[in-house]
Amino acid sequence: MSTIELIGVSRRYGGVTAVDKTDLQIEDGELVTLLGPSGSGKSTILSMIAGLTQPSSGHIKIGGRDVTHVRPAQRNLGIVFQSYALFPHMSVFDNIAFPLSIRGLRKTEIVKRVGKALEQVRLTGLQDRRPSQLSGGQQQRVALARALVFEPEILLLDEPMGALDRKLREEVQLELRQLQRELGVTTLLVTHDQEEALSLSTRVVVLDQGRVQQVDTPVGAYRRPANRFVAGFMGAANIFEGRITPGVGGNSMVMANGESLPCTTGDAVVGPACLVVRPEHIKVLDAAASTGLPGRVLEVVYFGQAARIHIQTDSGMPLVAISDGLESFPMPGQPVRMDWAPEHTWVMAA
Ligand SMILES: Nc1ncnc2c1ncn2[C@@H]1O[C@H](COP(=O)(O)OP(=O)(O)O)[C@@H](O)[C@H]1O
Ligand SMILES: [Mg+2]
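The residue count restarts for each chain, going from 1 along the sequence in the order it is written. Working convention: letters from A go to chains and numbers from 1 go to ligands, in the order in which they are written. For this predicted model, a pLDDT threshold of at least 70 governs which residues receive local features, and a threshold of 80 or more governs which side-chain atom pairs are given and counted, while totals over whole chains, interfaces and linings are taken from all residues. Just so you know, side-chain values use all the structure's heavy atoms and leave hydrogens and water out.

Some remarks on the overall build of the protein chain
Consideration 1: By the criteria applied, helices consist of DSSP H or I runs no shorter than four residues and strands consist of E runs no shorter than two, each listed in order from the N terminus. Scanning the protein chain for helices and strands turns up 8 helices and 20 strands.
Consideration 2: Along the first, second and third principal axes, the C-alpha set of the protein chain runs to 80 × 45 × 35 Å.
Consideration 3: Counting every position in the protein chain, which comprises 350 residues, the buried fraction comes to 47%.
Consideration 4: Here the analysis covers contacts within the protein chain between residues at least 6 apart in sequence; of these, 65% occur between residues at least 24 apart.
Consideration 5: The accessible surface values rely on the Shrake-Rupley method and a 1.4 Å probe; as for residues, cover is taken only from the protein chains in view. Summing over all exposed atoms, the protein chain offers an accessible surface of approximately 16,700 Å²; the carbon and sulfur share of this is 51%.
Consideration 6: Neither His nor the chain termini are counted; the positive set is Lys and Arg, and the negative set is Asp and Glu. The location of each charge is read from NZ of Lys, CZ of Arg, CG of Asp or CD of Glu. Of the charged side chains in the protein chain, 35 are positive and 36 negative; the average position of the first set lies 7 Å away from that of the second. To sort residues, take the accessible area from a 1.4 Å probe on protein chains only and compare it with the maximum for the residue type: under 20% means buried, over 50% means exposed, and anything in between is partly exposed. We call two residues contacting when some pair of their heavy atoms lies within 4.5 Å.

A short note on the site of ligand 1
Consideration 1: Note on definitions. A residue lies near a molecule or strand when any single heavy atom of the residue is within 4 Å of it. Tyr13, Val16, Ala18, Pro37, Ser38, Gly39, Ser40, Gly41, Lys42, Ser43 and Thr44 make up every residue found near ligand 1.
Consideration 2: Pairing of N or O atoms within 3.5 Å defines a polar contact, subject to two protein rules: one partner must be a possible hydrogen donor and the other a possible acceptor, and residues neighboring in sequence count only if both atoms are side-chain atoms. Serine 40 places a polar main-chain atom, nitrogen or oxygen, 3.1 Å from an oxygen atom of ligand 1.
Consideration 3: Between ligand 1 and serine 43 there is a distance of 2.8 Å, counted from an oxygen atom to a side-chain nitrogen or oxygen.
Consideration 4: Here ligand 1 has 560 Å² of accessible area as a free molecule, and 57% of this is covered by the chains.
Consideration 5: Counting residues per element, the ones that place at least two in the shell around ligand 1 are strand 2 (16–26) and helix 1 (42–50).
Consideration 6: Residues were grouped as follows: Ala, Val, Leu, Ile, Met, Phe, Trp, Tyr, Cys and Pro as nonpolar; Asp, Glu, Lys and Arg as charged; and all remaining residues, including Gly, as polar. Classifying every residue of the shell around ligand 1 by side-chain character gives 4 nonpolar, 6 polar and 1 charged.

Points about the sheet that holds strand 18 (residues 318–323)
Consideration 1: With respect to topology, 5 strands assemble into an open sheet ordered 15-19-16-17-18, the strand pairing being antiparallel. Unpaired on one side and paired on the other, strand 15 (283–286) and strand 18 mark the two borders of the sheet. Going across the sheet, the axis of each strand differs from the next one's by a mean of 45°, ignoring polarity.
Consideration 2: Should DSSP find at least two bridges between two strands, the strands are regarded as paired. Where strand 16 (residues 293–302) meets strand 17 (residues 307–313), 7 bridges bridge the pair, whose relative direction is antiparallel. Paired with valine 300 across the two strands is isoleucine 309, which belongs to strand 17. All axes here are fitted lines through C-alpha atoms, helices being fitted over the stretch that makes contact, and every angle between N-to-C directions spans 0 to 180 degrees.

Some thoughts on the pattern of salt bridges
Consideration 1: Salt bridge criterion: a side-chain nitrogen from Lys or Arg within 4 Å of a carboxyl oxygen from Asp or Glu. Taken as a whole, this structure holds 11 salt bridges when the rule is applied.
Consideration 2: Residues glutamate 151 and lysine 116 are paired through a salt bridge, measuring 3.1 Å at the closest nitrogen-oxygen approach. With glutamate 151 in the loop between helix 4 (136–148) and strand 7 (154–158) and lysine 116 in helix 3 (residues 107–120), this pair connects stretches of sequence that are 35 residues apart.
Consideration 3: Exposure remark for glutamate 151: the relative accessible area of 48% places this residue in the partly exposed category.
Consideration 4: Glutamate 175 serves as the salt-bridge partner of arginine 141, at 3.5 Å between the closest nitrogen and oxygen.

A short note on empty space enclosed by the protein
Consideration 1: Grid points spaced at 1 Å and placed over the protein atoms alone form the basis of the search, with a cavity being a set where a 1.4 Å probe fits but cannot get out and a pocket an open set showing protein on both sides within 12 Å along at least five of seven lines. Lining residues have an atom within 4 Å of a point. Grid points are joined across faces, edges and corners, and a volume is the space filled by probe spheres set on the points. Summed over all chains, the structure comprises 1 cavity of 30 Å³ or more.
Consideration 2: Here the largest cavity is characterised by a volume of approximately 60 Å³.
Consideration 3: Lining the largest cavity, in full, are Val80, Gln140, Leu144, Leu157, Pro160, Met161, Val172 and Leu176.
Consideration 4: Elements represented by at least two residues in the lining of the largest cavity include exactly helix 4 and helix 5 (166–183).
Consideration 5: Of the residues belonging to the lining of the largest cavity, the class tally is 7 nonpolar, 1 polar and no charged.

Below, the structure written as structure tokens:
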């Protein structure tokens, strides 16, 4: 049993509330990400679970046991930080063996376990090298092996891919996901990268200013954001403000300028609201089309599998659409209309 539970946990630094009355439950074997901008309290939460920072109030339980006042070494956690913090003068083998040596394991047992850890992170054969003789991705894998070598129940990772370039990051992400699933170790990963959070996690915890904004599956957080902050942080979102008015054949949102936008409202939201439309759901139509919001193309950014089309509506609002499967794209300055299916919208109370 390696569930993690935060019950009303707060952490204050002088006048700053880094983490505010947070409740959170992470189930056995999950890979949960803490996602939020810099300063939102992600590292503080991780550090309190690790026992490196004391909560100002509240309780933390691991596997049902209250560990709020238990020392870090007694919590059976593996930890990886952004800076790998490998010992530069020690070989890969000695770096990975370190947590076992300080626990006083026998030499033969250490050799066996380090060998297994090297295999898990695909570094077999590199055990005699120094960290400086490894690439960034390999160094990160050594750090991961060192965190896994004593078979912790819980793995805590604080922006572990932050120092890697994009391609390498994607590689290590995939490996981490596979390894985590294989080992079944309950994992909490801190990131400010929404793509990383969406692609890796079983659930995402979105944080802002020390407060949990939403706990959901990646799909749930992306498609059904709880509020404006989550909508904007989980990828690009077009957010319209207005009033929802029930109508025949579906609802619509009426904006301040009187323009009416198609939408559906699951929970019968009526009155002031925000309407979210993801860029991939916006269809960019010819200006002569009979439906859609009129606007003008500002910029087209082609990136291979699709293009991002920046548009300004005639009422002055900037929007972004993503179009794929087109052989040619509209030109900057070109008048267009934008339309979307009502079922591809998400309405939040304002
Ligand atoms: N040791 C500390 N002393 C004072 N303030 C801190 C300390 N650690 C974190 N904070 C503050 O707490 C807030 C949350 O920080 P942190 O948890 O590091 O955020 P994140 O990891 O999301 O970037 C920030 O405002 C930060 O300045
Ligand atoms: Mg941090």
